[in-house]
There are 2 protein chains.
Amino acid sequence: MKLDRNFPATSNGGEREVEVEEEEQGFKTIEVASVTDNPHNRHRQLDHINNCCGGGDLSSESPAPSPVVDELSFIPPLNFAMVDNGIFRSGFPDSANFSFVETLGLRSIICLCPEPYPEANTEFLKANGIRLFQFGIEGYKEPFVNIPEDTIREALQVVLDVKNHPLLIHCKRGKHRTGCVVGCLRKLQKWCLSSIFDEYQRFAAAKARVSDQRFMELFDVSTLKHIPLSFSCSRR
Amino acid sequence: MKLDRNFPATSNGGEREVEVEEEEQGFKTIEVASVTDNPHNRHRQLDHINNCCGGGDLSSESPAPSPVVDELSFIPPLNFAMVDNGIFRSGFPDSANFSFVETLGLRSIICLCPEPYPEANTEFLKANGIRLFQFGIEGYKEPFVNIPEDTIREALQVVLDVKNHPLLIHCKRGKHRTGCVVGCLRKLQKWCLSSIFDEYQRFAAAKARVSDQRFMELFDVSTLKHIPLSFSCSRR
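Residues numbered from 1 in each chain as written. Chains lettered and ligands numbered in written order. Predicted model: local features only at pLDDT ≥ 70, side-chain atom pairs only at ≥ 80, totals over all residues.

- Looking up chain A in an unreviewed UniProt entry gives the name diphosphoinositol-polyphosphate diphosphatase, with the organism given as Linum tenue.

Now the structure itself:
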C-alpha cells in the first residue's frame, strides 16, 4: 500500500539543469505526498487556517465558510518528520503542503538543493515571514557522490542556532542531503552510529547509500559548538 | 548496511506466554538498536549524564571520571522518534537505552504490550519518577489482527493530556501497536490518510499491515477532545 508517485515538477523555476536523481522520460520529477492542488480543497484549507488563527490576509480568498471544516486534511510534505524541538525535516514542500507548513510557525527554512527556489515557495516564505537559507548541494548518484563537508557544516551551524527555530530542513526527497545533515546533528547529540544509520535508513529506505553513511561516520563534530540540544525543551 | 539483529530477551519477566510476533527457535526476541551493555561503557555514560546534569544518585557508581567523555554514545531505543512536542515513540526500551531515555526527562510511558513490565524497566521508572500507563494489546499476526478500538482510544486520551508530557509511547518494536496510536493521533491532527500511512510505513517497513491501516482509516476521532496539538509549541 506504499504510495510512491512521481509527478512532473510544476514551478521549479528550473533554468539550470543539474543531474537529477530520478530523471524519467526526460522530465524532472518531484515526489509529493499529494498532488492535486484542487482549488476547492485549497480554499477549504485556507478557510480552516483562518478560522483557527483568527483570520488573516487570505480570508478574502475564502468567501464561503462551509460546514465541512471537519473534513479538511493537512498534507505534510513527503518524508516530513520532527527531528527535535523546533527542528523539522522533509522533502521539497509543494503548494499542496503550504497550509500544513503554516501550522509549524516556521522562522526559517534550510533548502539543500542548488536550483533556484520555486516562485510559489518564495512567495509563501515572504507571506509568512520565513527566512530561506539555501545551501546548494548537487543531487549526485552513487558511486559519484561527493558530499561537500563545508556546506553540511555551514548548514548545521544554522540548525544549531535556536534563533532560527522553528526551522525546516529540506532537499528534494528528504532522504540523502537532509539525511546527512540530520545524521551529523545526531552525531553531535552523541547518538551511536547504528542508531544514526537506522534513522537515516528509515527515510532513505531502498535508496540508502553507503557513501552517505560513511560521510556521517567520518564527520568530525569536535569543532562544532556543543549545544545541549538533545530534546532538552522536553524536560519537565 | 541495515542493522537487524535479534537477541534473546533478558529480563522480560515473561511469566505469561502470549503469541509473540517473531518467535524464533523457541525463545522470545526483542530487537534493540544495540545489544552489548558493556559495564565499562555504561559507567562512562552515567558519568557523562552526571557531568551534564550536575551529578545525582548514580555518581557514586562512576568513581573514575575519564577524559574519554567525548567518545560516549547514547543508544536510543529501536525505532525511536519524536512525534510532536513532548511526545516520543519507540520499540521496547532495553537497559542499554536507559541513559538515552533519561535525557528525555519523561513524565510518563505508555506501554502497549500485555506482558508484565520487566523488572529492570520498572526500577528505571521508579528511579526517574516516571509513571507507567500499560494498555495491553496482544501482538497478533495477520490475518488474525484484532486491534481493540477502546484500548487505543484510552491510550490516546493519555497521549492527549499534556499533564502526562513528556511521554514515550512504546510497544515491542514500535511498528504496529505504536504505529496505530500515532496514526490515530495524526488523524486527530487532520493529516491526510496517505501521509498517515506513509509515516506508519516508515516504521513498519516490510512488516506494514493493511489491517492496521484500515483500522486507522476507520477510526472515528469525532468523539475525542480536539486539542490543537499540531506542533503548536513550536510556534515562534
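Back to the write-up after that little detour.
1. Here's the deal with the overall build of chain A
Moving on, step 1. On a plain count of helices and strands, chain A comes out with seven helices and seven strands.
Moving on, step 2. Along chain A, helices and strands appear, N-terminal first, in the series β-β-α-β-β-α-β-α-β-α-β-α-α-α.
Moving on, step 3. The contacts of chain A with a sequence gap of at least 6 include a subset with a gap of at least 24, amounting to 66%. (Helix = DSSP H or I, 4+ residues; strand = E, 2+ residues; numbered from the N terminus. Contact = placed C-beta atoms within 7 Å.)

2. Some details on helix α4 (residues 149-160) of chain B
Every α-helix carries 3.6 residues per turn, so stepping three or four residues along brings you back to the same face.
Residue and element names in this part refer to chain B.
Moving on, step 1. In this model α4 runs 16 Å from its N-terminal to its C-terminal C-alpha over 12 residues, within 8% of the 16 Å that 1.5 Å per residue would give.
Moving on, step 2. Those residues of α4 that fall on the buried side of the exposure criterion are Ile152, Ala155, Leu156 and Val159. The arc that holds every buried residue of α4, seen down its axis, measures 105°, which confines them to one face.
Moving on, step 3. The elements touched by buried residues of α4 are β4 (87-90), β5 (108-111), β7 (167-170) and α5 (177-188). (Expected span 1.5 Å × (residues − 1). Buried ≥ 20, exposed ≤ 12 C-beta atoms within 10 Å, placed from the backbone. Arc of directions from axis to C-beta.)

3. Brief notes about the nonpolar core
Moving on, step 1. Within the largest apolar cluster, 89 residues are counted, with the highest numbers of intra-cluster contacts made by Ile110, Val159 and Val181 of chain A together with Ile110, Val159 and Val181 of chain B.
Moving on, step 2. Excluding anything up to four places from it in sequence, Ile110 of chain A contacts Phe133, Phe135, Ala155, Val158, Val159, Leu167 and Ile169 of chain A. (Core = buried A, V, L, I, M, F, W, Y, C linked by C-beta atoms within 7 Å.)

4. Topic: the packing of helix α6 (residues 193-204) of chain B against helix α7 (residues 210-218) of chain B
All names here are of chain B.
Moving on, step 1. Following both chains from N to C, one finds α6 and α7 inclined at 145°, their axes separated by 11 Å at the closest point. With respect to the hand of their crossing, α6 and α7 are arranged in right-handed fashion. In this structure, α6 uses Leu193, Ile196, Phe197 and Tyr200 to contact α7, whose residues at the interface are Asp212, Gln213, Met216 and Glu217.
Moving on, step 2. The residue makeup of the contact of α6 with α7, split by class, is five nonpolar, one polar and two charged. (Axes fitted to C-alpha atoms, helices over the stretch in contact; angles between N-to-C directions. Left-handed = near helix turned anticlockwise from the far one by under 90°. Nonpolar A, V, L, I, M, F, W, Y, C, P; charged D, E, K, R; others polar.)

5. Some thoughts on the packing of helix α4 (residues 149-160) of chain A against helix α5 (residues 177-188) of chain A
Residues and elements named next belong to chain A.
Moving on, step 1. Two numbers describe how α4 lies on α5: the axes approach to 10 Å, and their chain directions differ by 65°. Considering how the two elements wind past one another, α4 and α5 form a crossing that is right-handed. Where α4 approaches α5, its residues Ile152, Ala155, Leu156 and Val159 are matched on the opposing element by Cys180, Val181, Cys184 and Leu185.
Moving on, step 2. By residue class, the composition of the contact of α4 with α5 is eight nonpolar, no polar and no charged.

6. What about the pairing of β7 of chain B?
Residues and elements named next belong to chain B.
Moving on, step 1. Burial along β7 is two-sided: the residues Leu167 and Ile169 and Leu168 and His170 are all buried.
Moving on, step 2. As paired elements, β4 and β7 share four bridges and run parallel to each other. The partner of Arg89 across the bridge, within β7, is Ile169.
Moving on, step 3. Pairing of β5 with β7, which is carried by four bridges, proceeds in the parallel orientation. Across the sheet, the residue bridging to Cys111 is His170, located in β7. (Pairing = 2+ DSSP bridges.)

7. With respect to unusual backbone geometry
Residue and element names in this part refer to chain A.
Moving on, step 1. Between His165 and Pro166 the backbone carries a cis peptide bond, its omega angle lying at -10°.
Moving on, step 2. The topology assignment puts Pro166 in the loop between α4 and β7 (167-170).
Moving on, step 3. Notably, Lys190 is not glycine yet its phi reads approximately 70°, a positive angle.
Moving on, step 4. The topology assignment puts Lys190 in the loop between α5 and α6 (193-204).

8. Re the environment of Leu112 of chain A
All names here are of chain A.
Moving on, step 1. You can see Leu112 is positioned in the loop between β5 (108-111) and α3 (119-127).
Moving on, step 2. Exposure remark for Leu112: the 24 C-beta atoms within 10 Å place this residue in the buried category.
Moving on, step 3. Residues Leu112 and Ile147, spaced 35 residues apart in sequence, show a C-alpha to C-alpha distance of 11 Å.
Moving on, step 4. Sequence-distant contacts of Leu112, that is, excluding residues within four places in its chain, are made with Phe135, Ile137, Ala155, Cys171, Arg177, Thr178 and Val181.

9. Considerations on the pairing of β4 of chain B
Residues and elements named next belong to chain B.
Moving on, step 1. Burial along β4 is two-sided: the residues Ile87 and Arg89 and Phe88 and Ser90 are all buried.
Moving on, step 2. As paired strands, strand β3 (residues 81-84) and β4 are joined by three bridges and run antiparallel to one another. Along β4, the bridge assignment pairs Asp84 with Ile87.
Moving on, step 3. Between β3 and β4, which pair antiparallel in sequence order, lie two residues; one of them, Gly86, sits at a positive phi of approximately 75°.

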